[in-house]
Amino acid sequence: MTKRICTICARSGSKGLPGKNTRLLRGKPLFAHAIIQAQESLLFDAIAVSSDSDEVLNTAPVWGNVHVIRRPSEMALDEASKLPAIRHATQTIERKLNITFDVIVDLDITSPLRNLDDIRGAVGLLEERNVSNILTGAISRKNPYFNILERGPNGTIGLCKRTSGDRPERRQDTPQCFDANAAVYAWKRHSFMEHADVFYSDTLLYEMPEERSHDIDTLLDFEFVEFLMERMY
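Residues numbered from 1 in each chain as written. Predicted model: local features only at pLDDT ≥ 70, side-chain atom pairs only at ≥ 80, totals over all residues. Heavy atoms only, no water.

## Description of the nonpolar core
Short version of the rule: Nonpolar core, defined: a set of buried Ala, Val, Leu, Ile, Met, Phe, Trp, Tyr and Cys residues in which side-chain atoms within 4.5 Å join the residues together. A simple rule labels every residue: compare its accessible area, found with a 1.4 Å probe on the protein chains alone, to the largest value its type can have, and call it buried under 20%, exposed over 50%, or partly exposed in between. Helix and strand assignments follow DSSP, with helices taken as H or I runs no shorter than four residues and strands as E runs no shorter than two, numbered in order from the N terminus. Residues count as neighbours in contact if any of their non-hydrogen atoms are within 4.5 Å of one another.
By size, the foremost hydrophobic cluster in this structure holds 38 residues, and its most contacted members are Ile8, Phe44, Val105 and Leu107. When residues of this core are traced back to their parent elements, those giving at least two are strand 1 (4-10), helix 1 (30-41), strand 4 (46-51), strand 6 (103-107), helix 4 (116-129), strand 10 (178-188) and helix 6 (219-232). Sequence-distant contacts of Phe44, that is, excluding residues within four places in its chain, are made with Arg4, Ile5, Cys6, Ala38, Val105 and Ile119. Membership of the second largest hydrophobic core comes to 19 residues, among which are Ile93, Phe101, Ala182 and Tyr200.

Quick look at the structure:
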């Protein structure tokens, strides 16, 4: 039987929106939404909350049956990647429970608009296709082949990417592009532990709709997500 762990990483620092992960969204701290979604999905044998924040570590169990893990300080710096924290959390819980997981899933705290179908769909695609990992994303509102511009060394502006011919007259004629939305990351454990990465040669996308694909980095993002959540629920 497939064993799955869900990691929820809640670093205390945030330059874009200080205190973001503990800020109240519809009466719950932002991080609590990820815990509740993980628990209600009924997919996981363990849910691990990794943080350097005492507030998060002390209150996370209020929102679900979770294992709290103090994140090492070097993994909580502004420039630190989240991947080492996911690895640390997974290995910590494996030692604690004397278990080896088959699948690692990370729910980003900043994407609370995802729903249970999104989580189950991404994990189901990973296991059905037997690939290294799955990312979630939505069709991009801007297309690098059509209307995303890049400034060159001499200050001139051009398209970020070009097809082999002239600039397409219609967006529909360009390759389909997607915005990564940070909602769900799912890996086969052996792939992640051998080489922790976001993109592998067999990485697949689980497509989500635009209305559930907004993540929070700034106060404006937070207010927009709050507005959408109120309309949805």
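## Concerning helix 6
Short version of the rule: By definition here, a helix of n residues has an expected span of 1.5 Å times n minus one.
For helix 6, spanning 14 residues, the distance from its first C-alpha to its last is 20 Å, which sits close to the expected 20 Å at 1.5 Å a residue. Buried residues belonging to helix 6 abut strand 2 (24-25) and helix 1.

## Some remarks on the sheet that holds strand 6
To summarise the sheet geometry, strands pair through backbone hydrogen bonds and adopt either a parallel or an antiparallel arrangement. Keep this limit in mind: If DSSP finds at least two bridges between two strands, the strands pair. All axes are obtained by fitting lines to C-alpha atoms, using only the stretch in contact for helices, and the reported angles, taken between N-to-C directions, cover 0 to 180 degrees.
In space, the seven strands of this open sheet follow the order 5-4-1-6-10-7-11, with mixed pairing throughout. Both outer strands of the open sheet, strand 5 (67-70) and strand 11 (204-207), are each paired with one neighbouring strand and no more. Averaged over all neighbouring strand pairs, the angle between strand axes comes to 30°, with direction disregarded. Examined bridge by bridge, strand 7 (residues 133-139) and strand 10 share six bridges and lie antiparallel to one another.

## Details of the side chain of Arg4
Put simply, the rule is: Polar contacts, as counted here, are pairs of nitrogen or oxygen atoms within 3.5 Å of one another; within protein the pair requires one atom able to donate a hydrogen and one able to accept it, and residues that are adjacent in sequence qualify only if both atoms are side-chain atoms.
Mapped onto the elements of the fold, Arg4 is located in strand 1. Within polar-contact distance, the side chain of Arg4 engages the backbone oxygen of Leu43 at 2.9 Å. In contact with Arg4, not counting residues within four places along its chain, are Leu43, Phe44, Asp45, Ala46, Phe101, Val103, Val123 and Glu127.

## Some words on the state of the cysteines
The line we're drawing: By definition, disulfides here are pairs of cysteine sulfur atoms that lie within 2.5 Å.
Enumeration over the complete set of coordinates arrives at zero disulfides. Free cysteine Cys6: the closest other cysteine sulfur is in Cys9, separated by 9.1 Å. Taking the relative accessible area as the measure of exposure, Cys6 reaches 0% and is therefore buried. Classification of Cys9 by relative accessible area gives buried; the value is 9%.

## With respect to the packing of helix 1 against helix 4
Put simply, the rule is: Roughly parallel refers to an angle under 35 degrees, roughly antiparallel to one over 145, roughly perpendicular to one between 65 and 115, and oblique to any angle outside these ranges. Handedness of each helix crossing follows the sense of rotation of the near helix against the far helix: counterclockwise by less than a right angle gives left-handed, clockwise gives right-handed.
Between helix 1 and helix 4, the shortest axis-to-axis distance is 9 Å and the interhelical angle comes to 60°. Between helix 1 and helix 4, the angle is such that the two are oblique. The interaxial crossing formed by helix 1 with helix 4 has right-handed handedness. When helix 1 is examined against helix 4, the residues Gln37, Glu40 and Ser41 are found in contact with a partner set consisting of Leu116, Ile119 and Arg120.

## Details of the packing of aromatic side chains
This is how it is decided: The criterion for an aromatic pair is that two Phe, Tyr or Trp rings (for Trp, the six-membered ring) have centres within 6.5 Å, with stacked assigned to planes under 30 degrees apart, edge-to-face to planes over 60 apart and tilted to the rest. For a Lys NZ or an Arg CZ to count as sitting over a ring, it must be within 6 Å of the ring centre and within 35 degrees of the ring normal.
Counted according to the given criterion, the structure contains two aromatic pairs. Residues Tyr185 and Trp187 carry aromatic rings whose centres are separated by 6.0 Å and whose planes lie at 10° to one another, so their mutual orientation is stacked. For the pair Tyr185 and Trp187, a shared accessibility class is recorded, and that class is buried. A network of ring pairs unites the aromatic residues Tyr185, Trp187 and Phe192 as a single cluster. The ring of Phe222 has Arg23 lying over it, and the distance from NZ or CZ to the ring centre is 5.0 Å.

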